[in-house]
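Breakdown of the fold
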Amino acid sequence: MFPHKAFTCRFTDIMIWVTFTLISSFMYERVKAAMHSFPPPCSGAPTVNLLERAVPLVRDLPAGVSVIYDKVSHVHAYKFSNEASDIYLKSSRVFLDCLYFPYEFSLFITLKLQSRPRKEQCVFSLYHVTSKDRLISFGIVGDRVIFRYKGKRFSFKMSQGYKYRKWHTFGISMAADVVSFTRDCKKRRRRPLRMTFPDLLPVTNTTFTFGRCKEKSSVFQGLLKSVILVSGGDAASKACPEKIPVRPGKGIENVIQTFPGNTPLTSVSNRPVTCEWTDVGTLAFDVHVNKLKVCVNGVWRQVRVASDRRRLDYLIPHQTINTRQWSLDVEVFDMRKEGKFAIFATAGVGSSRSGLYRWEDDKFVLYQSLRTDAAQSWEFFEIKKQFFLAVANYGSDPFTAANSTIYRWSPNRRKFRAYQQIVTYTARDVEAFTIDGDNYLAVANHAKGNVTKVDSIVYKWSRTDRKFVEFQRLESIGAYDWTHFVVDGYHFLALANAFTGSTTLVFSVLFFWQDSRWVKFQTMETNGATDWEHFIIEDDHYLAVANAFNYGSQNFKEIDSYRVNSTIYKLDRGKRVFVKYQTILTNSAIDWEYMRIGSDHYLMVSNAQNGGSGSRLRSVLYRWQGMDKFVPVHSLHTLPNTDFEVFKDKDHIYLITSNAKGDEAQVLKVRFI
């Protein structure tokens, strides 16, 4: 198909026929079996100010501990003398129904140092009553913060901008095998945890102490305002806003700032006390509403943490589906009054049937076989209460045209029947969408023989002819995928271009709907692009591209051709363009799949060519960690695959995969914490 023989055996067999070299079976990573016998860690425990919980009333202060009023900042805080007795809090008062400490949590400590400590001064700790071992602690020595967790020591420099005799908030977050540190929401730094995840920490017979970690340790010489524990996620990513100045008096809400042991603070004029501009990013705890708050633009705003306590634990095999032949793609869809279905794109040359399966009693059961010709992908859509399935057929001969088929559901026969044929050229993908009540179908034509520069076509549904007619031709280069999405009412089409004929380093295109036509909006340099995935996180729009192969002059030595950086872009509303957000090293990525569980956002990458052994033999699940962006949290130690689809049934979430070499596809079930 391509003029370069050296590339034909590599790219054609690998990227065009991705699955000829794929391995058939899947092996899935499992959490230790022993975990099934343990109660879950406290991922849903409420946010709590540990210091306020330990000393709810001023009259309960132990000897040597006093409350100081800071006139400059208008706050009360605790001061410890050298002879101070410990302030302690039994962990059972915090973790009422849990035996284990949250394996993902954030700590926020607000304090003021009077001078630079020469010896380590411990601010707070969690220790075992019997063994006296320090399980968790936070201390300061010199210009460094020392955090200890289960015998591991992490040191973070406080960096420039730290001032003695000034209030500062230190944030420690543990998520996805990483310990992160912030000071006043600035200069975030990370350290690898290097331990099995999750590694449970028992809290039975443990106690929190404040001001000193053990009897002979140095007492904290400063003012301690709060020690806040947020379980179940990286709260620092949500508590650190951008510093956006606004005019004084604008956007101020009626929020009262309170501190441990005090009545709500009010000014002389009896108006609510607001935070200063110098406090932007500083955290406080409102004891009246039991909420963590952050100073944003002159007002204390609530930090929103996960409200849905369900969190992904790991994935377990649920069903093995006999698809009879290997497949490249799977489409899951629902039809009213008919149920849930999944259809596989049987991709082998000369393959004449693709299987349609119906979800019955928590399993997929073969329902119908549809005629195809080396099917690459399926698309389900609806037009005026009629159901359709469109298949992109590659065809048996890349030098000649093939017919891709649109099927329509027959309510009487309760089967799909062939409805319309569309002439395509090595079609890779078909995408359905609606604009202003009109229905469209975009087909990605990959190549005509040796020529990869070929038009891909957008079709429009004709209401008079009751069929799709050609609407617009769009230039494409080895097209692999179309993705339609909407931003603030504006329509976009993302095109994945894969190969020029001599290199996979080619510009993929983002089109914009304007004056009832598609026009070029932006180009992004991609490397053998095979898939676009659009998703939204907290009103921000993202695009992830799967890059599959690195061939051409940029890699003339052909080193690690499968190991390519795939890129995530984020929409910059100010510049009105998608900008590079993060790059992730992948192994011939064929598909990105986004899913949301509770307040957690995940991206699953389907690595089709691992190019090695061991840790490379995996598809990886990434979770969005705010300031840390997407972080790998789980992996399926699988052999290659080309497509993941997420679907829900009742309260359960599943992933279904295509098997591009063998005849067994897999359904995985999400296990929750």
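Residues numbered from 1 in each chain as written. Predicted model: local features only at pLDDT ≥ 70, side-chain atom pairs only at ≥ 80, totals over all residues. Heavy atoms only, no water.

Regarding the overall build of the chain
Defined as follows: A helix here means a DSSP run of H or I that spans at least four residues, while a strand means a run of E at least two residues long, and both kinds are numbered starting from the N terminus. Only protein chains enter the accessibility calculation, which uses a 1.4 Å probe. A residue is then buried if its area is under 20% of the maximum for its type, exposed if over 50%, and partly exposed in between. Whether two residues touch is decided by their heavy atoms; if any such pair falls within 4.5 Å, the residues are in contact. Only the protein chains shown count as covering a residue, and every accessible area follows the Shrake-Rupley method with a 1.4 Å probe.
A tally of regular secondary structure across the chain gives three helices and 47 strands. For the chain, buried positions account for 59% of its 673 residues. Look at the contacts in the chain between residues 6 or more apart in sequence, and 55% of them connect residues 24 or more apart. Approximately 29,300 Å² of the chain is accessible, and the part contributed by carbon and sulfur atoms is 47%.

Side note on the pattern of salt bridges
The condition that has to hold: Just to be clear on terms, a salt bridge is a Lys or Arg side-chain nitrogen sitting within 4 Å of an Asp or Glu carboxyl oxygen.
Across all of its chains, the model carries 14 salt bridges by this definition. Residue K460 is joined to D438 by a salt bridge in which the shortest nitrogen-to-oxygen separation is 3.7 Å. You can see K460 sitting in strand 31 (residues 453–462) and its partner D438 sitting in strand 30 (residues 438–445), a full 22 residues away along the chain. According to the relative accessible area criterion, D438 is buried, its value standing at 19%. With a closest N to O distance of 4.0 Å, D455 and R473 form a salt bridge. Here D455 is found in strand 31, whereas its partner R473 is found in strand 32 (residues 467–477), with 18 residues between them in sequence. Residue D455 is classed as partly exposed on the basis of its relative accessible area of 30%. Assessed through its relative accessible area of 46%, R473 is described here as partly exposed. Bridged by salt links that share partners, the residues D438, K460 and R463 form one connected network.

Here's the deal with the sheet that holds strand 10 (residues 152–157)
Applied cut-off: A strand pair is defined by DSSP finding two or more bridges across the two strands. What counts as an axis is a line fitted to C-alpha atoms, over the stretch in contact for a helix, and the angles between N-to-C directions run from 0 to 180 degrees.
Taken together, the six strands give an open sheet; going across it, the order is 4-15-7-8-9-10, and neighbouring strands pair in antiparallel fashion. Both edges of this open sheet fall to strand 4 (87–90) and strand 10, since each of them pairs with a single strand only. Ignoring which end each strand starts from, the neighbouring axes of this sheet average 15 degrees apart. Two elements, strand 8 (residues 134–141) and strand 9 (residues 144–149), share six bridges in a ladder whose sense is antiparallel. What sits directly across from F138, in strand 9, is F147.

Topic: the nonpolar core
Put simply, the test is: As used in this record, nonpolar core signifies buried Ala, Val, Leu, Ile, Met, Phe, Trp, Tyr and Cys residues forming a set joined through side-chain atoms within 4.5 Å.
In this structure, F101, L111, F138, F147, F208 and F210 are the most contacted members of the largest nonpolar core, which totals 50 residues. A total of five residues in this core trace back to one element, the largest contributor, which is strand 6 (residues 105–113). The residues contacting F147, other than those within four sequence positions of it, are F105, L107, I136, S137, K152, R153, F154, I172, M174 and V179.

Some details on the layout of surface pockets
For the record, the criterion: Grid spacing is 1 Å over the protein atoms alone, the probe is 1.4 Å, and a cavity is where that probe fits but cannot get out, while a pocket is an open set with protein on both sides within 12 Å along at least five of seven lines and lining residues have an atom within 4 Å of a point. Grid points are joined across faces, edges and corners, and a volume is the space filled by probe spheres set on the points. Residue polarity follows a fixed list, in which Ala, Val, Leu, Ile, Met, Phe, Trp, Tyr, Cys and Pro are nonpolar, Asp, Glu, Lys and Arg are charged, and the others, Gly among them, are polar.
Considered as a void within the structure, the second largest pocket measures approximately 930 Å³ in volume. Considering the residues around the second largest pocket, the lining is formed by 41 residues, among which E331, W378, E379, E431 and E645 are closest to the centre. Every element with two or more residues in the lining of the second largest pocket is listed here: helix 1 (5–16), strand 21 (327–335), strand 25 (375–383), strand 29 (427–435), strand 30, strand 33 (479–487), strand 37 (529–537) and strand 41 (589–597). Ranked by the residues each element gives to the lining of the second largest pocket, the list is headed by strand 25, at eight residues. For the lining of the second largest pocket, the per-class residue count stands at 19 nonpolar, eight polar and 14 charged.

With respect to the sheet that holds strand 41
The strand order 41-42-43-44 describes an open sheet built from four strands, whose pairing is antiparallel. Pairing within the sheet leaves two strands with one partner each, and these edge strands are strand 41 and strand 44 (630–636). On average, each strand axis in the sheet is inclined to that of its neighbour by 25 degrees, with strand direction left out of account. When strand 41 meets strand 42 (residues 600–607), the two strands line up antiparallel, connected through eight bridges. Paired with R596 across the bridge in strand 42 is H601.

Re the packing of aromatic side chains
Two aromatic rings, taken as a pair, are described by how far apart their centres are and by the angle between their planes. The condition that has to hold: Pairing of aromatic side chains requires ring centres within 6.5 Å, counting the rings of Phe and Tyr and the six-membered ring of Trp. Pairs whose planes differ by under 30 degrees are stacked, by over 60 edge-to-face, and all others tilted.
Taken as a whole and judged by the stated rule, the model has 50 aromatic pairs. Centroid distance W359 to F647: 5.3 Å. Interplanar angle 75 degrees. Geometry classified as edge-to-face. Pair noted here: W359 is in strand 23 (residues 353–360) and F647 is in strand 45 (residues 644–649), with a separation of 288 residues, a long-range link. On the numbers, 5.0 Å between centres and 10 degrees between planes, the contact of F535 with Y594 is stacked. Of this pair, F535 sits in strand 37 while Y594 sits in strand 41; the two residues are 59 residues apart in sequence, bridging distant segments of the chain. A relative accessible area of 18% means that Y594 is categorised as buried. By way of ring pairs, the aromatic residues F333, F341, Y367, F380, F387, W409 and F416 are connected into one cluster.

Observations concerning the pairing of strand 4
A one-sided burial pattern is seen for strand 4, the buried positions being I87 and L89 and the unburied ones Y88 and K90. Bridge count for strand 4 against strand 15 (residues 206–210) is four bridges, and the pairing is antiparallel. Its bridge partner lying in strand 15, L89 is registered against F208.

Thoughts on unusual backbone geometry
Glycine aside, the phi torsion of most residues is negative, and most peptide linkages are trans. The backbone phi angle of N205 is positive, close to 60 degrees, even though this residue is not glycine. The class for N205 is partly exposed, based on a relative accessible area of 39%. At S516, a residue that is not glycine, the phi angle is positive and equals roughly 60 degrees. Tracing the sequence through the fold places S516 in the loop between strand 35 (505–514) and strand 36 (517–527). The class for S516 is partly exposed, based on a relative accessible area of 46%.

A word on the environment of S92
Relative to the elements of secondary structure, S92 occurs in the loop between strand 4 and strand 5 (100–101). Here S92 falls in the partly exposed class, since its relative accessible area comes to 47%. Taking C-alpha positions, S92 is 8.0 Å from N205, a pair spaced 113 residues apart along the chain.

Regarding the pairing of strand 10
One ladder, built from six bridges, connects strand 9 with strand 10; its direction is antiparallel. When the sheet's bridge partners are listed, R144 is paired in strand 10 with K157. In textbook terms, the turn of a hairpin is the stretch between consecutive antiparallel strands, and for strand 9 and strand 10 this stretch comprises two residues, one of which, K150, has a positive phi near 50 degrees.

Describing the confidence of the model for the chain
Close inspection of predicted coordinates is inappropriate in any region flagged by low pLDDT. This is how it is decided: Every residue gets a pLDDT, meaning the predictor's confidence in that residue, from 0 to 100.
The predicted model of the chain averages 80 in pLDDT, with 76% of residues at 70 or higher. Considering only residues more than four positions removed or in separate chains, one finds that residues 241–273, a stretch of pLDDT under 50, has 59 contacts. Taken as a whole, residues 611–616 scores under 50 in pLDDT and shows seven contacts with residues more than four places along the chain or in a different chain.

Points about the side chain of T526
With respect to the helices and strands, T526 occurs in strand 36. When residues no more than four places from it in sequence are discounted, the contact partners of T526 are N497, T504, L505, V506, F507, S508, W532, V545 and N547.

Considerations on the environment of F647
Take F647: its relative accessible area is 4%, and that puts it in the buried class. Sequence-wise, F647 and M595 are 52 residues apart; in three dimensions their C-alpha atoms are separated by 9.2 Å. With sequence-adjacent residues up to four places away left out, F647 is seen in contact with V332, K340, W359, F364, H652, I653, Y654, I656 and V667.

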